[in-house]
Amino acid sequence: MAGSLERGAGAAEPVPAVESPFRRFAADYSANGIALAALLTVVVLALLAILAPWIAPQNPYDLTQISIFDNMLSPSERSLEGKLFLLGTDDQGRDMLSAMIYGLKLSLFVGAASTAIALAVGVSLGVVAAYFGGLIDSVIMRLVDLQLSFPAILIALILLALLGKGVDKVILALTLVQWAYYARTVRGNALVERRREYIEAAHCLALPRRRIIFRHLLPNCMAPLIVVATVQVAHAISLEATLSFLGVGVPITEPSLGLLIANGYKYILSGKYWVSFFPGLLLLATILSINLVGDHLRDLLNPRLKR
Amino acid sequence: MLAFVLRRLGQSAFVIVAMAALVFLSVYAIGNPIDILLAPDADQQERAAAIARLGLDRPLWQQFLTFLVNLAQGDLGKSFVFGSDAVSLILARLPATLELALVALVLAIVAGIPLGILAGLRSDGWIGRGVMTGSIVGFSLPNFWLGIMMILLFAVELKWLPAGGRGATGTFLGLQFSLLDPAGWPNLLMPALTLAIYKVSLVIRLAYAGTREAMLQDYVRFARAKGLSPARIIGVHVLKNILIPIVTVLGLELGSMIAFAVVTETVFAWPGVGKLLIDSIARLDRPVIVAYLIIVVGMFTLINLAVDILYSILDPRVRLADGGH
């Protein structure tokens, strides 16, 4: 992981012989120490999640590796066989550190997958609404208004109460509560872009509509979406954790960070803090670093603040 | 003005009917409605009676009409668990949630506005950067985890506050309110703080942006030239101007606080509608879920309508812009 840290810092060095836009952006981004640290944290957490099976001390889903006799060991305590549990164990005798790494994997996967699907759906609908206008625009945008006038947590909660538990269902619910943000953002942009000369030129070339919309109009509306999507990943991860905590999210067989916290909630009153505390800390670190990256990207990509 | 109000009323009515249709379709048409509306231990006779009563042999649009008529009469069935009317069950729990949301809203305003103004005035100093970074942390804190950690610290370790429940309440107009009895305040404090944290961050951001913008305006320069004290410039002239967006956003956020109270109430065992909803989902008590949904959606629609109308009275441009398209 140290390698990736150094690479990230190397790209930041402001001594470019040829100033490519990417290099300049990287240099601009790295000028802010907190934002750079946040980006590195995101990279490290993502690597941790991807490499979970190789990094985690045990496989928390593999019942042969878990002993119920090791349950509720406090951090740094050793089991009867002398095995060390750095962050303690839960009520099933699972190593908390391993459960957290696997939980992080699921949380990041759900956040990223639902954001990606919602982005695709929302962007397509938004750009279609802006391009065609009229009735299509009205119908799509009324749906967006309807969706956005109710809090995401409420819609997701009700959907999952009806659909039942499951990773796929959580992703579906999170997609349904997110698409409207992208549709609205992209439509605002596309309404401006639609009147530009290059779209007129594309019309004159008699290009098919689908090509104009998705190859010409859409790529020019993407910049503000990067910020919205970054913040939404953090939002989706937080929402998934909340839903899982409330008992309508992922099933108990595949615990995400939120479900791990919920699991430890039972033991809080007896002072056994570690089952809730450590997964929550990891969840906070994840959401916070993604939000810090998003916040800094917003400043950088805001044309009004361009130097 | 009247035309605007009427058009918004029409939109609100449409939203309510659309939501009722969605609820009807999802609860009545997906799966067997009898399983949903009847307790699992119902016998054959009760099943037949229920099918006749619900008219399940009739076409779907007729069933929907019946559902709407029952809805208009406030009849959404009886809770399987409590055996009482689902709507009155929700209404009985509503004051606890509203009180929690309102106290949290006040906390958000009282804490958020001074911090945001301070950060806006010192935006280049460590105070400004510290407050703004703090507000991102506030945005990022998983609400339920914050609540759990507060219980751990203040209830389990320090034993200063009770871990949950509503505690003592005073009675006003036949309703129970914790604010009326000082013995109930410790119970209210942690849930309200937890619920408020996210909104505090939001208010800080709004007040920060507003203050930075306002400080560059001519009226502030003029007030300075006139020799007004900084306290008066900020406390009167700047504050008035930054309040407009804050009040608007918070009006709209009241609804989301009621929804988010689901989480806070679950963590602190606060006996409001949110806790009732989660318990009902866990027990598959569907009439209560439907009643919650219809009532909360109705409340949201009313709040949105009220904010829109108020805003159009305060700011005529909104009215005109809306008439434009």
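Keep in mind the model is a prediction, meaning the values are calculated, not measured.

Enquirer: I'd like a description of the interface of chain B and chain A, backed by residues and values.
Expert: With 40 residues of chain B at the contact, the number on the chain A side is 34 residues. Summing the contributions of chain B and of chain A, the shared interface buries around 3200 Å²; its carbon and sulfur component is 85%. For Arg205(B), the salt bridge goes to Asp295(A), with nearest N and O atoms at 3.2 Å. If you look at where chain B meets chain A, you find five residue pairs in polar contact (both at pLDDT 80 or more). Only helix H1 (2-29), helix H6 (126-140), helix H7 (143-157), helix H10 (230-268), helix H11 (273-282) and helix H12 (286-314) of chain B provide two or more residues apiece to the side of chain B that touches chain A. Per element, the largest residue contribution to the side of chain B that touches chain A is nine residues, and it comes from H10(B). Here the side of chain B that touches chain A is built from residues that sort into 31 nonpolar, eight polar and one charged.

Enquirer: Please provide a residue-by-residue account of the side chain of Asn291(A), values included.
Expert: With respect to the helices and strands, Asn291(A) occurs in helix H13 (residues 274-301). Once residues within four sequence positions are removed from consideration, Asn291(A) is found in contact with Val231(A), Ala234(A), Ile136(B), Phe139(B) and Ser140(B).

Enquirer: Requested: an account of the confidence of the model for chain B, with residues and values cited.
Expert: Interpretation of the predicted coordinates at a detailed level should be avoided for regions scoring low in pLDDT. Residue and element names in this part refer to chain B. Chain-level statistics for chain B give a pLDDT mean of 80 and a share of 89% at 70 or above. Across chain B, helix H5 (residues 86-121) holds the top mean pLDDT of 89, while helix H13 (residues 316-324) sits lowest at 54. We note a pTM of 0.82 for the whole complex and an ipTM of 0.80 for its interfaces.

Enquirer: Describe the packing of helix H2 (residues 21-30) of chain A against H13(A), listing the residues and the values that go with them.
Expert: Residue and element names in this part refer to chain A. Between H2 and H13, whose axes approach to 10 Å, the crossing angle comes to 120 degrees. Accordingly, the angle class assigned to the pair H2 and H13 is oblique. Where H2 crosses over H13, the two elements pack in a sense that is right-handed. Contacts between H2 and H13 pair Phe25, Asp28 and Tyr29 from the former with Val293, His296, Leu297, Leu300 and Leu301 from the latter.

Enquirer: Could you give an account of the side chain of Asp137(A), with specific residues and numbers?
Expert: Along the polypeptide, Asp137(A) turns up in helix H6 (residues 134-148). If sequence neighbours within four positions are ignored, Asp137(A) has contacts with Ala129(A), Ala130(A) and Arg187(A).

Enquirer: A description of the environment of Asp299(A) should follow, citing residues and the corresponding values.
Expert: As for its placement among the helices and strands, Asp299(A) is situated in helix H13. Distance in space between the C-alpha atoms of Asp299(A) and Gly122(A) is 24 Å, their sequence separation being 177 residues.

Enquirer: Outline helix H5 (residues 96-132) of chain A, listing residues and values.
Expert: In a regular helix each residue adds 1.5 Å, so 37 residues correspond to 54 Å; H5(A) covers 53 Å between its end C-alpha atoms and thus fits that length. Once H5(A) finishes, Gly133(A) follows within two positions and takes phi at roughly 65 degrees, a positive value.

Enquirer: Before we move on, could you go through unusual backbone geometry and cite the residues and values that matter?
Expert: Positive phi values are uncommon outside glycine, yet Ala206(A) reaches one of about 60 degrees. Residue Ala206(A) is classed as exposed on the basis of its relative accessible area, which comes to 61%. Unusually for a residue other than glycine, Ala269(B) sits at a positive phi of about 50 degrees. Checked against the element boundaries, Ala269(B) lands in the loop between H10 and H11.

Enquirer: Any details on the pattern of salt bridges? Residues and values, ideally.
Expert: Opposite charge on two side chains lets them pair, provided their charged atoms get close. Tallied over the full model, the rule gives seven salt bridges over all chains. The residue Glu193(A) makes a salt bridge to Arg196(A) at a minimum N-O spacing of 3.5 Å. Residues joined in a network through salt bridges with shared partners are Asp295(A), Arg298(A) and Arg205(B).

Enquirer: Explain the confidence of the model for chain A residue by residue, including any values.
Expert: Residue and element names in this part refer to chain A. Per-residue pLDDT for chain A averages 81, and the proportion of residues at 70 or more is 87%. Looking across chain A, the model is least confident in helix H1 (residues 2-10), with a mean pLDDT of 43, and most confident in H5, with 90. Per-residue pLDDT stays below 50 along residues 1-12; that stretch engages in 10 contacts with residues further than four places along the chain or on separate chains.

Enquirer: Can you lay out helix H7 (residues 152-163) of chain A for me, pointing to particular residues and giving the numbers?
Expert: Residue and element names in this part refer to chain A. Taking 1.5 Å of rise per residue, the 12 residues of H7 would be expected to cover 16 Å, and the 16 Å separating its terminal C-alpha atoms lies within 8% of that figure. Within H7 the residues assigned to the buried category are Ala152, Ile153, Leu154, Ala156, Leu157, Ile158 and Leu160. Downstream of H7 by a residue or two, glycine 164 has a phi angle that is positive, lying close to 95 degrees.

Rules used in this analysis
Every chain's residues receive numbers from 1 upward, in the order its sequence appears when written. Lettering for chains starts from A, numbering for ligands starts from 1, and both go in the order in which the items are written. Local features are withheld for residues below a pLDDT of 70 in this predicted model, meaning they are given only at 70 or higher, and side-chain atom pairs are given and counted only at 80 or more; totals for whole chains, interfaces and linings count all residues. To obtain the side-chain values, all non-hydrogen atoms of the structure were included, while hydrogens and water were left out. Whether two residues touch is decided by their heavy atoms; if any such pair falls within 4.5 Å, the residues are in contact. Summed over both partners, the accessible surface that disappears when two parts come together, traced with a 1.4 Å probe, is what is meant by buried area. Just to be clear on terms, a salt bridge is a Lys or Arg side-chain nitrogen sitting within 4 Å of an Asp or Glu carboxyl oxygen. Polar contact is defined as a pair of N or O atoms within 3.5 Å, subject to the rule that within protein one atom must be able to donate a hydrogen and the other to accept it, and that residues adjacent in sequence are counted only when both atoms are side-chain atoms. Counting from the N terminus, the helices are the DSSP runs of H or I reaching at least four residues and the strands are the DSSP runs of E reaching at least two. Ten residue types, Ala, Val, Leu, Ile, Met, Phe, Trp, Tyr, Cys and Pro, are classed as nonpolar, four, Asp, Glu, Lys and Arg, as charged, and the remainder, Gly among them, as polar. What pLDDT expresses is the predictor's confidence in each residue, scored from 0 to 100. For every element, the axis is a line fit to its C-alpha atoms; helices are fit only across the contacting stretch, and the angle between N-to-C directions ranges from 0 to 180 degrees. Angles are sorted into four bins: roughly parallel if under 35 degrees, roughly antiparallel if over 145, roughly perpendicular if 65 to 115, and oblique for all others. Handedness of a helix crossing follows the sense of rotation of the near helix relative to the far helix, less than a right angle counterclockwise being left-handed and clockwise being right-handed. Each residue after the first adds 1.5 Å to the expected span of a helix. Whether a residue is buried, partly exposed or exposed follows from its accessible area with a 1.4 Å probe, protein chains only, as a fraction of its type maximum: under 20%, in between, or over 50%, in that order.

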